[in-house]
Amino acid sequence: MPQYTPPVRDTRFVLDHVVGLDRHANLPGFADATPDVVSAVLEEGGRFVADVLFPLNLSGDQQGCTRHADGSVTTPDGFKAAYDQLRESGWMTLGAPEEFGGQGMPHTVSTAFEEYMISANMAFAMYPGLTHGAIAALLAKGSDAQKAKYVPKMVSGEWGGTMNLTEPHCGTDLGLIKTRAEPRGDGSYAITGTKIFISSGEHDLTSNIIHLVLAKTPGAPDSSKGISLFVVPKFMVQDDGSLGERNAVSCGSIEHKMGIHGNSTCVMNYDGATGWMVGEENKGLAAMFIMMNAARLGVGLQGLGVAEVAYQNAVQYAHDRRQGRALTGPAEPQEKADTLFVHPDVRRMLMEAKALTEGLRALCLWGALQVDLAHKAETEEERELADDLIGLLTPVIKGYGTDKGYDIATNAQQVYGGHGYIAEWGMEQYVRDARIAMIYEGTNGVQAMDLVGRKLAHKGGRAVQAFFKLVSEEIADAKNIEGAADFAGRLEKALGDLQAATMWFMANGMKNPEHVGAGAHSYMHVMGIVVTGLMWLRMLRAALRLKDTGEGDARFLDAKIVTARFYAERILPDTGALRRKIEGGAEAIMALEPEMFAAA
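Below: a short report on this structure.

**A look at the overall build of the protein**
Argument step 1. Of regular secondary structure, the protein possesses 18 helices and 11 strands.
Argument step 2. By the compact-globule yardstick of 25 Å for 600 residues, the protein fits well, its C-alpha radius of gyration being 24 Å.
Argument step 3. Seen along its three principal axes, the alpha-carbon backbone of the protein occupies a region of about 80 × 65 × 60 Å.
Argument step 4. Taken over 600 residues, the protein has a buried fraction of 56%.
Argument step 5. Counting contacts in the protein only where the partners sit at least 6 residues apart, residues at least 24 apart contribute 74% of the total.
Argument step 6. Accessible area for the protein stands at about 24900 Å²; split by element, carbon and sulfur atoms hold 52% of it.

If you want it as structure tokens, here you go:
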């Protein structure tokens, strides 16, 4: 059976020595995030998810959700009681604004807890995760009346939330949506259409579900410029906050999926359902992108969360399983075989998992800090820089993070050999669950195109230039530090590959845009390697400093130093090969006629 222990010590190391929460104690919400408080949140939150949510992961996957004849949906056994505990314990409110009943903690802290929740039970974690995204959109674009009516009970967890974008005939190309919104003359609209792949679309965890729905009003442009956003509650909400009659929105069916069986992914039918416009008419896509960007960061965190729990189990299996002998001779002659840890190829998979999970954890938490700073930093310049950086890196965190999360899950399964393919060991569920993170909230190919097609050129390339400057300055500083100079030099070479690839796009993309499309995925990975390398440079410097002063656990710090070396020697060099792929251009990719792909 699988096991999971929240990586509290590693999270604290990142928050204290990479993110530096204490350096922002002067900002709203950060003053309360003292080391003692954060430790309590991580310890208690970790204990909650390990004791309450993790035991439901395997059974929830096996049972799945059930749709009944009346269109209602029940979640797997134990989910409702676990959700009630989550809500009653206040975990839903951790990072929400105090004015709406939240605790007002930094987003950075709530992100750390969300990682643990995902590792413990990814399908379950999606229910509160979607609600948080809907809250973000309403806070940014909703009217004061809409915020007052819906947000407090969503913050408390009494009500859930969803986002409704995709339709049977359109996914990424939202300009093709057919869902209509007819004005009723009283400020409300009749919403009619069908949405698919709606996570948490219908369930029994909350008394109401607040759907955010994209639709087109009469006469709207027949493109993405004609999309509006609407709030459509499952049950109508009266002026006093009580629930009224059922709205004309229902679950037509539950999708039969490869993984995340414990989450109800629904086909949603809107049959003249009553909704109200959020924000301006024909500006719905911009409003929904607020929710989508939050969701994309959350999906990147899913890549990390599933990778972490898969890695933990692979490590334990490698300790327990005895097969063969070490290449240098028996490591334990008194035993009939050595453990899997003696085999370099098993070590390769585990070291890659360790280097990437710890690097991605630092990246996700540092990214969460940028979200905090974009809203709360003291100066406009600081807020602007943080917003630029997280805007640039959101597709990288989502795309690179979930590509690598899936790789780690499959390698963890590989460590188990044949047992990894057997359901009772739990590893094949992690592979199935990890796979969706590469697809939803914009496939990773879409993330790569967003990065190279929009983010690089945004505001004249201001964000990517700021990123280059940040990495260059930290490399230059680290070159003077004993123990960090070699890593800094290798990261500098990787940064050079990223900069050269960027210049190649600038020189060749205008002549043939397909060159950019052909190299986008490789470019996203080069940037992912470099920014994760920046995180490792910071962790290496912190470990060296703490070791020099005699602080911290020496073995933990030694492991950080060795893992940084592994990252430098075995992962950073990949940027060179990826750069050469980019510079190979699009000609071979685009040369064949479509019919030439068919079998002979």
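**Notes on the nonpolar core**
Argument step 1. Of all hydrophobic cores here, the largest spans 192 residues; its most connected members are Leu212, Phe467, Phe487, Tyr523, Met527 and Tyr567.
Argument step 2. Not counting residues within four places of it along the chain, the set of residues in contact with Leu212 comprises Ala134, Ala137, Leu138, Thr162, Met163, Asn164, Leu229, Phe230, Val231, Val278, Met288 and Met291.

**Structural notes on helix α11 (residues 427-436)**
Argument step 1. Of all 10 residues in α11, eight are buried, a share of seventy percent or more.
Argument step 2. Among the residues of α11, those classed as buried are Met427, Glu428, Gln429, Tyr430, Val431, Arg432, Asp433 and Ala434.
Argument step 3. Here the buried face of α11 lies against α3 (57-63), α6 (122-141), α8 (284-320) and α10 (380-415).

**Thoughts on the pattern of salt bridges**
Argument step 1. Scanning the model with the defined rule gives 36 salt bridges in all.
Argument step 2. Of the charged contacts, one joins Lys547 and Asp558 as a salt bridge, the two residues approaching to 2.9 Å between their closest N and O atoms. With a gap of 11 residues between them, Lys547 in helix α15 (residues 513-549) and Asp558 in helix α16 (residues 554-571) connect regions that are remote in the sequence.
Argument step 3. Judged by its relative accessible area of 31%, Asp558 falls in the partly exposed class.
Argument step 4. Each of Asp10, Glu115, Glu308, Lys354, Glu358, Arg361 and Lys560 takes part in a single network of salt bridges with overlapping partners.

**Here's the deal with a nonpolar patch on the surface**
Argument step 1. On the surface, Leu592, Met596 and Phe597 cluster together to form a nonpolar patch covering roughly 340 Å² of accessible area.
Argument step 2. Within the fold, Leu592 resides in the segment after α18 (587-590).

**Describing the packing of aromatic side chains**
Think of a pair of aromatic rings as described by two things: how far the centres are apart, and how the planes are tilted against each other in angle.
Argument step 1. The tally for this structure, following the rule as stated, stands at 13 aromatic pairs.
Argument step 2. Between Phe13 and Phe556, the ring centres sit 5.5 Å apart and the planes meet at 75°, which makes this aromatic pair edge-to-face. Of this pair, Phe13 sits in helix α1 (residues 8-19) while Phe556 sits in helix α16, and the two are 543 residues apart along the sequence. The residues Phe13 and Phe556 share a single accessibility class, namely buried.
Argument step 3. Consider the rings of Tyr317 and Tyr416, whose centres lie 4.1 Å apart with planes at 15°: the pair is stacked. Separated by 99 residues along the polypeptide, Tyr317 in helix α8 and Tyr416 in the loop between α10 and α11 bring together distant segments of the chain.

**Details of the packing of α10 against α11**
Argument step 1. It is the contact of α10 with α11, at a shortest axis distance of 9 Å, that shows an interaxial angle of 165°. In terms of orientation, α10 lies roughly antiparallel with respect to α11. Every pair of crossing elements has a handedness; the one defined by α10 and α11 is left-handed. Counted together, Tyr406, Ala409, Thr410, Ala412 and Gln413 of α10 and Met427, Glu428, Tyr430, Val431, Ala434 and Arg435 of α11 form the full contact between these two elements.
Argument step 2. A class-by-class count of the residues in the contact of α10 with α11 yields seven nonpolar, two polar and two charged.

**Some words on the environment of Glu424**
Argument step 1. Checked against the element boundaries, Glu424 lands in the loop between α10 and α11.
Argument step 2. Beyond its immediate sequence surroundings of up to four residues, Glu424 is in contact with Met1 and Pro2.

**A look at the pairing of strand β3 (residues 159-164)**
Argument step 1. A large share of β3 lies buried, amounting to six of its six residues.
Argument step 2. Going residue by residue along β3, you find Trp159, Gly161 and Met163 tucked away on one face and Gly160, Thr162 and Asn164 tucked away on the opposite face as well.
Argument step 3. As paired elements, β3 and strand β6 (residues 208-215) share six bridges and run parallel to each other. Looking at the pairing, Met163 lines up with Leu212 of β6.

**With respect to α15**
Argument step 1. With 37 residues, α15 ought to run about 54 Å at 1.5 Å a step, and its terminal C-alpha atoms sit 53 Å apart, in line with that.
Argument step 2. Within α15, 27 of the 37 residues are buried, leaving the element largely enclosed by the surrounding structure.

**Some thoughts on the pairing of strand β9 (residues 243-246)**
Argument step 1. Inspection of the sheet shows strand β8 (residues 235-237) paired to β9 by two bridges, in the antiparallel sense. Each bridged residue has a counterpart across the sheet, and for Phe235 the counterpart in β9 is Arg246.
Argument step 2. Here β8 folds back onto β9, and the loop between the two strands holds five residues, one of which, Gly241, carries a positive phi near 90°.

What counts and what doesn't
- Residues numbered from 1 in each chain as written.
- Predicted model: local features only at pLDDT ≥ 70, side-chain atom pairs only at ≥ 80, totals over all residues.
- Heavy atoms only, no water.
- Helix = DSSP H or I, 4+ residues; strand = E, 2+ residues; numbered from the N terminus.
- Rg over C-alpha atoms; globule rule 2.2 N^0.38 Å.
- Buried < 20%, exposed > 50% of the residue type's maximum accessible area, 1.4 Å probe, protein only.
- Contact = heavy atoms within 4.5 Å.
- Areas by Shrake-Rupley, 256 points an atom, 1.4 Å probe, with all protein chains shown as cover.
- Core = buried A, V, L, I, M, F, W, Y, C linked by side-chain atoms within 4.5 Å.
- Salt bridge = Lys/Arg side-chain N within 4 Å of Asp/Glu carboxyl O.
- Patch = residues over 30% accessible without salt bridge, like charges linked within 9 Å, V, L, I, M, F, W, Y side chains within 5 Å.
- Phe/Tyr/Trp six-rings, centres within 6.5 Å; stacked < 30°, edge-to-face > 60°.
- Axes fitted to C-alpha atoms, helices over the stretch in contact; angles between N-to-C directions.
- Parallel < 35°, antiparallel > 145°, perpendicular 65-115°, else oblique.
- Left-handed = near helix turned anticlockwise from the far one by under 90°.
- Nonpolar A, V, L, I, M, F, W, Y, C, P; charged D, E, K, R; others polar.
- Pairing = 2+ DSSP bridges.
- Expected span 1.5 Å × (residues − 1).

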